[in-house]
Amino acid sequence: MSAQEKAFELQRQVRQNAREYESSVKDLYSWEQDIKNKEKELQKAPHSAANKDVPVRSHVKSEKSRKDSPSSSAASSPTEKQDLPVDPVAQQHKKANDIKDRGNTYVKQAEYEKAIITYSTAIAVYPHDPIYHINRALCYLKQECFELCVEDCEAAIALDKLCVKAYYRRMQANESLGNNMEALKDCTTVLAIEPKNIEAKKSLARINERLRKIATKSGPNFTPDRPGMIDILPIDKPVYKRSKKAMRRVPVVDVVSPRGISDDSNKLRISDEDIDKIFNSNCGAIEEVKRSKPQPMPDKPSPPKAEAIAASSKEAKITKQSAVKVAPVVVAPKEIQKDTTNVPESDNETKPSSPKKAAVEVSKVQPAVSTPKTTQQGSPEVKAPKVTTMQTEKIEQTSSNNAMPPSPIERSLPPAPTGTAQFHVTWKELSGPQKYQYLKSIDVPNLCKILGAGFDSDTFADLLRTIHDYYVPNKEPTTAAVLLEVSKNDEFTILAMLMSAEEKKMVSSIFNAIKNWPNKNPAVLDNLFKDYGVA
Amino acid sequence: MDKPQLIEHLHEAVTYTVYDTKWVPLSAKFVVLGSKPNGHGIMDIYELNQDKLVKVKSVEKKVAFKCGTFGAASLRNRHMAIGDFEGRLQVLDMEQPDLPVYNVKAHSGIINTIDAIGGTQIDCGAPEIVTGSRDGAVKVWDIRQGQAPVVDMSPPPQMGDGINNSAGRRDCWAVAFGNTYNAEERIVAAGYDNGDLKIFDLRTLSVRWEATMKNGICGLEFDRRDIPMNKLAVTTLEGGLLVFDMRTQHPTKGFSYVEERNAGRSVGTNGVISGPKATVWVVRHLPQNRDLFLTGGGTGSIRLWQYEYPDRRVVDDSDGNKLGVAGALNMVSAATISTQPVHCFDWHPDKLGLAVCGAFDQSVRVLITTKLNTY
């Protein structure tokens, strides 16, 4: 190894050691907190009965003849003997855990029969731990006793509502049983608990795929192909590209008629809560929009020219849709269809017929953002839609929606934030002018604290923009103070360094403006210039 | 480098000679026992508070403290048994340390060493304290039984004139409990200044085994106290470290052992062992892993060792008797943390890798050992 490599290796090692130490110290600090809390609890707890029942040695008659050999398992194996927990319940638990461990070995050897028996014993010993149920559920799953598996999962869920594995296994069992809707529910629950669970995401896609296939064949939500349908597929947008505005539920008119063979759609409907749950785990807050009354429908059965949502704005984004199959099918007029640039091809293999006809398949799966760029400005040619069902759909819009009589509700200005989290949550949801009002409502001396550690470059850019767009034109006297307060934030130094050219331009234009105002404090300004890197 | 590192996390200089440091069970506090220059005993309680140590309590008594232990105290009670320079054994309640819970003139000379058991373990017999003293006696105490020891293992009274009277009495430097795997069994190991090692069986009240090391025994510890005895680590003057396999006792050869003669010498940064053969003052097994233990040496260095079991722990010799086979010792890590001997060391029972140690440079150190979980 050359000297250089050696030096490099040494450096790497030193760095690694330092990291190691750092993490141990962090670990230690959290442990300190834990143990201090425990200690406090212990002090409050009543005196435990010491094992005073053991006689004092000198009071016992020695029996030299007796010779009992060490018989515990610790004698033969080099594994350690662990202190038994004093609490009898804990002892039961420990015993059950031991039994469970045995069961786990059986599972590893694929001896599910034995494992099931073992887990059942564990449950009998200590019935309060969901893990035994989950493990037994796995065995049942492997043995294809799906009903039993579902039962066990339910038992586990009863013990622990957030038991991801239980939901996941119930989903698997339900899938195998063909209860696709049940499986879907479980899958969404898993995702609600663990949004990053890749397995669950895959399963969700799979279940949805299956549901769709079934549905297109004969499912309760079967909609016969009709001309002029567009299949709108979800588009997955990375988080940073998504709009930060709150999502709103917008009533969507379903123009599908007549319904398929069955009318047990109620059974398949996914509740709003479920939908919210899914989306809450993926994006920002949801704002409920008041449902407008279903519009009275003309009695003529659906002409293909109908439109559910037409946005006057250039980009009405259909952000998240959920509701497998239940989801509204929107029949768009042909004009739209032609102009639609962003509509992906129909993925419905069952009807590869005419390219002009595509079912607008508003569906589920990922938090998808599809942006059909409707070129219809003002959409004069829209006919009154025929409404058969009211659907909720989340639509995010930049401006008003002319399919909906009520214009979008401007959020009322929230009260001044009291804490960092409140600020950041609220901030992202505000429009430009609101941000201005909001910022003004915060006491300037508190600003630094409120920005706190969550202060990121997006917020920073927003702040600058707000100052630039509103403070400066209004000659707000607190502008300099706000800037100064912002610069006191711990994160500021790094953020200032990472300012984009645009932001820098904004800053310098702000400063140019401030310079010309009366009653400025040159010292403060100098400081500001230095802090913001504007010479 | 995937070896554990021994890192000094906190350092507290004190104004007295430190003799013992012990963690208070189930807390982030430790106790420092020592002797002030005026000969008074001092007990300080420190609490870890992120990057500093906070002194919670300080108690001063007339006589210098030598050693202490929480072994016989329940988690809730926190009674520390302390031996002092005048042979007095007292049990102090950490909450009200002014008035001892138990107080007895245990020995005629300084109590060098103390060990206790039965406080937290269940089914492990009575809580008992064992003390070893300069007067050569090893005594076992049960605080429920007034002023007399429950077992007294004193050397026989010496014959002869007054001058040579004490010469025959060996100085007991180290004691340790072990083999307490049920309510009756219990063993005390005692090490003496002349290198004698005695294993007393408390159940049968007899000497189970005796041996003599080359040098005086400074430190003793069973790897676990509450199991059938498995290993016994012994440290001596002049850098000896011996680990006995205590599972098998041969009728004539006794227990077999592995020996490391260089354990007290300092290890340089490049791993070169140098310097004089310094005393190994202390040996402490990791509470979370009984095959790892640490020794504190006279050169101010500490070393982490791993005991490797042999393939077969027992063989039959030519007479058909069972003979134990000792394993091997690997040094896992070493660090020099002081210029003076590190003579007391205590692993935290609840937190892997956290330890406190005292050295004769009048300071107390909190150490973090990383990557212990990989063993």
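Conventions used here
- Residues numbered from 1 in each chain as written.
- Chains lettered and ligands numbered in written order.
- Predicted model: local features only at pLDDT ≥ 70, side-chain atom pairs only at ≥ 80, totals over all residues.
- Heavy atoms only, no water.
- UniProt positions renumbered as here; feature names shortened; annotations may be inferred.
- Phe/Tyr/Trp six-rings, centres within 6.5 Å; stacked < 30°, edge-to-face > 60°.
- Helix = DSSP H or I, 4+ residues; strand = E, 2+ residues; numbered from the N terminus.
- Buried < 20%, exposed > 50% of the residue type's maximum accessible area, 1.4 Å probe, protein only.
- Lys NZ or Arg CZ within 6 Å of the ring centre and 35° of its normal.
- Pairing = 2+ DSSP bridges.
- Lys, Arg positive; Asp, Glu negative; His and termini not counted.
- Salt bridge = Lys/Arg side-chain N within 4 Å of Asp/Glu carboxyl O.
- Polar contact = N/O pair within 3.5 Å; in protein donor to acceptor, adjacent residues only side chain to side chain.
- Contact = heavy atoms within 4.5 Å.
- pLDDT = per-residue confidence, 0-100.

Within an unreviewed UniProt entry, the label attached to chain A reads RNA polymerase II-associated protein 3, and the organism entered is Drosophila yakuba. According to the UniProt record, the Sequence similarities (unreviewed entry) comment for chain A reads "Belongs to the RPAP3 family."

Draft legend 1. Quick peek at the packing of aromatic side chains. Across all of its chains, the model carries 14 aromatic pairs over all chains by this definition. Taken together, a centroid distance of 5.9 Å and an interplanar angle of 10 degrees make the contact between Phe423 of chain A and Tyr438 of chain A stacked. With Phe423 of chain A in helix H13 (residues 420–427) and Tyr438 of chain A in helix H14 (residues 432–441), this residue pair connects regions lying 15 residues apart in the sequence. Here Tyr438 of chain A falls in the buried class, since its relative accessible area comes to 0%. Between Tyr19 of chain B and Phe360 of chain B, the ring centres sit 6.3 Å apart and the planes meet at 75 degrees, which makes this aromatic pair edge-to-face. One end of the pair, Tyr19 of chain B, is in strand S2 (residues 17–23); the other, Phe360 of chain B, is in the loop between strand S31 (354–359) and strand S32 (363–369), and 341 residues separate them in sequence. On the accessibility criterion, Tyr19 of chain B (18% relative accessible area) is buried. Phe360 of chain B gets classed as partly exposed once you look at its relative accessible area, which sits at 26%. Taken together, Tyr19, Phe85, Trp281 and Phe360 of chain B form an aromatic cluster joined through their ring pairs. The cationic tip of Arg186 of chain B hangs over the ring face of Phe177 of chain B; the distance from NZ or CZ to the ring centre is 5.5 Å. Here the basic side chain of Lys198 of chain B rests over the ring of Tyr192 of chain B, its NZ or CZ set 5.8 Å away from the ring centre.

Draft legend 2. Layout of the pairing of strand S24 (residues 280–286) of chain B. Residues and elements named next belong to chain B. By the criterion of burial, S24 is predominantly enclosed, with six of the seven residues buried. Judged from the six bridges that link them, S24 and strand S25 (residues 289–297) form a sheet pairing that is antiparallel. Within S25, the position partnered with Leu286 by the bridge is Asn289. Connecting S24 to the antiparallel partner S25 that follows it, the hairpin turn spans two residues.

Draft legend 3. Inspection of the side chain of Asp196 of chain B at higher detail. All names here are of chain B. When you line up the elements, Asp196 lands in strand S16 (residues 196–201). No salt bridge is formed by the buried Asp196, whose closest oppositely charged neighbour, Lys198, lies at an N-O distance of 4.5 Å. A polar atom in the side chain of Asp196 sits 3.1 Å from the side chain of Thr212. Among residues more than four places away in sequence, those in contact with Asp196 are Ala190, Gly191, Ala211, Thr212 and Ile217.

Draft legend 4. How the structure looks around the UniProt feature "repeat: TPR" (unreviewed entry) in chain A. The UniProt feature table records "repeat: TPR" (unreviewed entry) at residues 96–129 of chain A. Annotated as 79% helix and 0% strand, the span residues 96–129 of chain A places its first and last C-alpha atoms 9 Å apart.

Draft legend 5. Region of interest: the confidence of the model for chain A. Residue and element names in this part refer to chain A. Across chain A, the average pLDDT comes to 69, with 60% of residues at 70 or higher. The low-confidence segment residues 62–85 (pLDDT under 50) makes 41 contacts with residues lying over four places distant or belonging to another chain. Scored below 50 in pLDDT, residues 259–265 makes 10 contacts in the model with residues more than four places away or belonging to other chains.

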